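# Analysis of the macromolecular model
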Amino acid sequence: MIATSSLEISSKAYRQNIKYIRSEIGPDPVISAVVKGNAYGHGIPQMVEIAEKAGIRHFSTFSSDEALEVFQHSKKGSEIMILGMLYLEELEELIRNGISFYVFDFERLEAAIAISKAIGAPAKVHIEVETGFHRTGFDRKDRENLATILLENSEAISLEGLCTHYAGAESVSNFVRVKNQIATYHEFKDYFLEQGLTFKKFHTACSAATLIFPETIMDMVRIGIAGYGFWPTKETYFAKLHDLPKNNKNPLRRLITWKSTVMSLKEVKMGEFVGYGNSFMALENMKMAIVPVGYGHGFSRLLSNQGQVLIQGQFCQVVGTVTMNAIAVNISKVKNVKIGDEVILIGKQRGKEITVASFSESTQQVNYELLTRLPKDIPRKIIP
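Anyway, here's the lowdown on the structure attached to this text. (Residues numbered from 1 in each chain as written. Predicted model: local features only at pLDDT ≥ 70, side-chain atom pairs only at ≥ 80, totals over all residues. Heavy atoms only, no water.)

Ranked by internal contacts, the top residues of the largest apolar core, which has 105 residues, are Phe101, Ile127, Phe192, Ile311 and Val329. Ile127 has contacts with Val103, Phe138, Leu146, Leu150, Leu159, Gly161, Leu162, Cys163 and Phe199, leaving out every residue within four places of it along the chain. (Core = buried A, V, L, I, M, F, W, Y, C linked by side-chain atoms within 4.5 Å. Buried < 20%, exposed > 50% of the residue type's maximum accessible area, 1.4 Å probe, protein only. Contact = heavy atoms within 4.5 Å.)

Read around the barrel, eight strands follow the order β2-β3-β4-β5-β6-β7-β8-β9 and close on themselves; strand pairing throughout is parallel. The average undirected angle you get between the axes of adjacent strands in this sheet is 30°. Where strand β7 (residues 157–163) and strand β8 (residues 201–205) come together, three bridges link them in parallel fashion. Opposite Leu162, over in β8, you have Phe202 as the bridge partner. Contacting β7 and β8, helix α8 (residues 175–194) crosses the sheet at an angle of about 170° to β8. (Pairing = 2+ DSSP bridges. Helix = DSSP H or I, 4+ residues; strand = E, 2+ residues; numbered from the N terminus. Axes fitted to C-alpha atoms, helices over the stretch in contact; angles between N-to-C directions.)

Let us now look at the packing of helix α7 (residues 143–152) against α8. At a minimum axis separation of 11 Å, α7 and α8 run at an interaxial angle of 45°. In this view, α7 runs oblique relative to α8, as classed from their interaxial angle. The interaxial crossing formed by α7 with α8 has right-handed handedness. Contact residues: Arg143, Glu144, Leu146 and Ala147 in α7; Glu187, Phe188, Tyr191 and Phe192 in α8. For the contact of α7 with α8, the class distribution of residues is five nonpolar, no polar and three charged. (Parallel < 35°, antiparallel > 145°, perpendicular 65-115°, else oblique. Left-handed = near helix turned anticlockwise from the far one by under 90°. Nonpolar A, V, L, I, M, F, W, Y, C, P; charged D, E, K, R; others polar.)

Put simply, side chains in a regular strand alternate between the two faces of the sheet. Because side chains alternate across strand β9 (residues 220–223), one face comprises the buried residues Met220 and Arg222, and the other comprises Val221 and Ile223, equally buried. Here strand β2 (residues 30–34) pairs with β9 via four bridges, running parallel. Within the sheet, the bridge partner assigned to Val30 lies in β9 and is Met220. Bridge analysis of β8 against β9 gives two bridges, and the strand direction is parallel. In the strand pairing of β9, Ala205 is matched with Val221. The parallel pair β8 and β9 is bridged by helix α9 (residues 207–212), and the resulting crossover is right-handed. (Right-handed = clockwise from strand over helix to strand, strands pointing away.)

Let us look at the packing of helix α6 (residues 106–119) against α7. Where α6 meets α7, the closest approach of the two axes is 12 Å, and the angle between their N-to-C directions is 10°. It follows from the interaxial angle that α6 and α7 lie roughly parallel. When α6 is examined against α7, the residues Phe106, Leu109, Glu110 and Ile113 are found in contact with a partner set consisting of Asn145, Leu146, Ile149 and Leu150. Looking at the contact of α6 with α7, its residues break down into six nonpolar, one polar and one charged.

Right, let's get into the packing of aromatic side chains. The tally for this structure, following the rule as stated, stands at twelve aromatic pairs. Where Tyr20 meets Trp231, the ring centres are 6.0 Å apart and the plane angle is 65°; that geometry is what we call edge-to-face. Separated by 211 residues along the polypeptide, Tyr20 in helix α1 (residues 11–25) and Trp231 in the loop between β9 and α10 (234–241) bring together distant segments of the chain. Take Trp231: its relative accessible area is 11%, and that puts it in the buried class. (Phe/Tyr/Trp six-rings, centres within 6.5 Å; stacked < 30°, edge-to-face > 60°.)

Right, let's talk about a nonpolar patch on the surface for a bit. Taken together, the side chains of Phe62, Met85 and Tyr87 define a hydrophobic patch exposed on the protein surface, amounting to about 300 Å² of accessible area. Positionally, Tyr87 belongs in the loop between β4 (79–85) and α5 (91–96). For Tyr87, a relative accessible area of 47% gives the class partly exposed. (Patch = residues over 30% accessible without salt bridge, like charges linked within 9 Å, V, L, I, M, F, W, Y side chains within 5 Å. Areas by Shrake-Rupley, 256 points an atom, 1.4 Å probe, with all protein chains shown as cover. Salt bridge = Lys/Arg side-chain N within 4 Å of Asp/Glu carboxyl O.)

Mapped onto the secondary structure, Lys266 falls in strand β11 (residues 264–268). Along the chain, Lys266 and Gly161 lie 105 residues apart, while their C-alpha atoms are 59 Å from each other.

On to α6, then. The first and last C-alpha atoms of α6 sit 20 Å apart over 14 residues, in line with the 20 Å expected at 1.5 Å per residue. All of the buried residues along α6 are Phe106, Arg108, Leu109, Ala111, Ala112, Ile113 and Ser116. Its side-chain oxygen at 3.4 Å from the backbone nitrogen of Glu107, Asp105 defines the N-terminal cap of α6. Of the residues one or two after α6, Gly120 is the one with positive phi, at around 75°. (Expected span 1.5 Å × (residues − 1). Polar contact = N/O pair within 3.5 Å; in protein donor to acceptor, adjacent residues only side chain to side chain.)

The phi dihedral of Ala39 falls on the positive side, at around 55°, and the residue is not glycine. Positionally, Ala39 belongs in helix α2 (residues 36–40). Exposure remark for Ala39: the relative accessible area of 0% places this residue in the buried category.

Okay, the side chain of Glu52 next. You can see Glu52 is positioned in helix α3 (residues 44–53). No salt bridge is formed by the buried Glu52; the nearest opposite charge belongs to Arg57, separated by 5.4 Å. Polar contacts involving the side chain of Glu52 include one to the main-chain amide nitrogen of Lys75, which spans 2.9 Å. Of note is the side chain of Glu52, whose polar atom sits 3.5 Å from the backbone nitrogen of Lys76. Apart from the residues within four sequence positions on either side, Glu52 is in contact with Arg57, Phe59, Ser74, Lys75, Lys76 and Ser78. (Lys, Arg positive; Asp, Glu negative; His and termini not counted.)

Remember, this is a structural readout, not a statement about activity or role.
Below you can see the structure in the form of structure tokens.
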């Protein structure tokens, strides 16, 4: 069975990205590869293999199901950390497997302690504190009670980390807010240290904070979008631009290439409408190629009459409405197109390139959103 499109994931590009991130953070901090959202659409099985071969030994997931998928595919006994969702009934399995997890409320903390004592294995926890993101984390008013519980149950709890998350480190508009968060985090840190609590790692930095706020790097950085070859935002890139060498002004390399093929060819006469409704009328006689990819495959409907693909190294515009399973593209200026010809949806072909950013600009989606909407059933192939 052959799928209508496929994804290629570049090991070489990932190694380059990790090399650049390592040059930014120095030799000591741990790089935790964030693989939430099916590894930002790249595929958890593929990215665990690629990352471990690149020397990564720590992974971050949002939820327990992602963590167990990493656990299943890891061949190096890598550490795994859950940033968000888990069900209390899963705690025993997670603790037995040595998977660490964020604790940001007393219910999860008390359940972890009880299970740890029952099975005789310490729960590996990262204590998340609220510094201004206002989503998850222990509040300042909780810290005395929290410290007491942690000290009284030290045999059941392994304090793997003290952490927080920044509210938009990728944007200059959040500069003051992030700076205040950094200060609040250190207040928590100092308080816990004064109480005699010690943590194996202090960590707060996502990709953007790692690149823009070097004081947030600490013992570990949680690298998501940058590991996949994308700057968190244009602002992040421009902030780093003057520090980049003249011969390499973009050290991050995209891992992903999205390919399909021409399914059918069609001629349309001037004045005829293409596809559903009347969103596109041919202003001249034209030739079209039908490509078997649509919004059901992650090619946004917002790309109707805006998106582009590459065929024979030439840009071909999407015409008409993107449907669930297919798009039509204008090939009037491309010679000798045949059924089965390669179509590049994201990637390079004969010196031309379609970037994820070009999709984002056309659809008002951010890179993160477009990538994570790529369905899991699109085949993903690792390339050297």
